[in-house]
Amino acid sequence: MTTLKNSIAPDTLQTLVKRVRPALAESFLAEFMNLDVIDAAAVERFVRRFRNFLPQPGSGRGLVENLQDALRDWQANLHGAWRQPLTLGREVALLRVISAHLTPPEAQAITDAYTMVLLHALHVADRMRICQNHECGAPYFLAERRSQKYCSEPCARPAQAEFKARWWSAHGNEWQQKRRARAKRQKTKSHKGGN
Ligand SMILES: [Zn+2]
């Protein structure tokens, strides 16, 4: 006979809070969002590393029949939230994921690491981005700057090169003329100065 608890044991909560550190929650999120769930070897590596962060079966949650299918569903739900263009949209979508994770009510007593990760995701919803480099192999990332569009320097490089090329074709001649004129003026000036 199971009893329904309406609160988590304080020691359990403390343990979870200590285990699910923000940096770890963020690396779990990034790895999970970019995981290729079709790739069995990648899934195995991921599960080996993050088993404790995945949803734990509770009285209401039931056992997961096929982990790969379950991962695909959990990932799809989070992708849906991450892809929302505005922070508020991401937060609302995350709240839906959280409430589904904590339903039915019995599940609320079984606070697992995944609950903590989802709550942390809610805190960082304003930094969720998808890398604008379409060739990026791991496009889901948490931005460090608000204006950040690319996950990394290598991903930003092609856009920077393209920007430079476009700038040069539009302003290159003008810039060179100005530079030559300035150099000429400086030459004249230094001649007059007697150097
Ligand atoms: Zn990227």
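Residues numbered from 1 in each chain as written. Predicted model: local features only at pLDDT ≥ 70, side-chain atom pairs only at ≥ 80, totals over all residues.

1. So, the overall build of the protein chain
When its secondary structure is counted, the protein chain shows seven helices and two strands. When the elements of the protein chain are put in sequence order from the N terminus, they spell out α-α-α-α-α-α-β-β-α. Here the protein chain, with 195 residues, has 17% of them falling under the buried criterion. (Helix = DSSP H or I, 4+ residues; strand = E, 2+ residues; numbered from the N terminus. Buried ≥ 20, exposed ≤ 12 C-beta atoms within 10 Å, placed from the backbone.)

2. Quick word on the nonpolar core
Ranked by size, the top nonpolar core spans 28 residues in total, and within it Leu29 and Val117 carry the most contacts. Of all the secondary structure elements, the ones that give two or more residues to this core are helix 2 (22–33), helix 4 (67–82), helix 6 (113–123) and strand 2 (140–142). Here this core takes six residues from helix 6, the largest share from any one element. (Core = buried A, V, L, I, M, F, W, Y, C linked by C-beta atoms within 7 Å.)

3. Things to note about the environment of glutamine 132
Relative to the elements of secondary structure, glutamine 132 occurs in the loop between strand 1 (128–130) and strand 2. We classify glutamine 132 as partly exposed; it has 14 C-beta atoms within 10 Å. The sequence separation of glutamine 132 and alanine 159 amounts to 27 residues, and the corresponding C-alpha distance is 9.3 Å. Sequence-distant contacts of glutamine 132, defined by excluding residues within four places in its chain, comprise Lys149 and Tyr150. (Contact = placed C-beta atoms within 7 Å.)

4. Considering helix 4
Note on helix geometry: an α-helix contains 3.6 residues per turn, so any two residues three or four positions apart are oriented the same way. Taking 1.5 Å per residue as the helical rise, helix 4 with its 16 residues ought to reach 22 Å, and the 22 Å between its terminal C-alpha atoms agrees with that figure. For helix 4, the set of buried residues is Leu78, Ala81 and Trp82. Burial along helix 4 is one-sided: seen end-on, the buried residues are contained in an arc of 95°. For helix 4, exposure combined with an orientation more than 90 degrees from the buried face picks out Asp69, Asp73 and Ala76. Those residues of helix 4 hidden inside the fold are in contact with helix 2, helix 5 (87–101), strand 1 and strand 2. (Expected span 1.5 Å × (residues − 1). Arc of directions from axis to C-beta.)

5. Let's talk about the environment of valine 20
Within the element layout of this structure, valine 20 appears in the loop between helix 1 (10–19) and helix 2. The spatial distance from the C-alpha of valine 20 to the C-alpha of phenylalanine 53 is 8.0 Å, given a sequence separation of 33 residues.

6. What to know about the confidence of the model for the protein chain
Summary statistics for the protein chain give a mean pLDDT of 86 and a share of 85% for residues scoring 70 or more. Confidence drops under pLDDT 50 across residues 1–6; counting only partners more than four residues distant or on other chains, this segment forms five contacts. (pLDDT = per-residue confidence, 0-100.)

7. A short note on the packing of helix 5 against helix 6
Interhelical geometry of helix 5 versus helix 6 gives an angle of 165° and a closest axis separation of 9 Å. With respect to helix 6, the axis of helix 5 lies roughly antiparallel. As helix 5 runs across helix 6, the sense of the crossing is left-handed. Listed contacts from helix 6 to Glu91, Leu94, Val97, Ile98 and His101 of helix 5 are Tyr114, Thr115, Leu118, Ala121 and Leu122. Split into classes, the residues belonging to the contact of helix 5 with helix 6 amount to seven nonpolar, two polar and one charged. (Axes fitted to C-alpha atoms, helices over the stretch in contact; angles between N-to-C directions. Parallel < 35°, antiparallel > 145°, perpendicular 65-115°, else oblique. Left-handed = near helix turned anticlockwise from the far one by under 90°. Nonpolar A, V, L, I, M, F, W, Y, C, P; charged D, E, K, R; others polar.)

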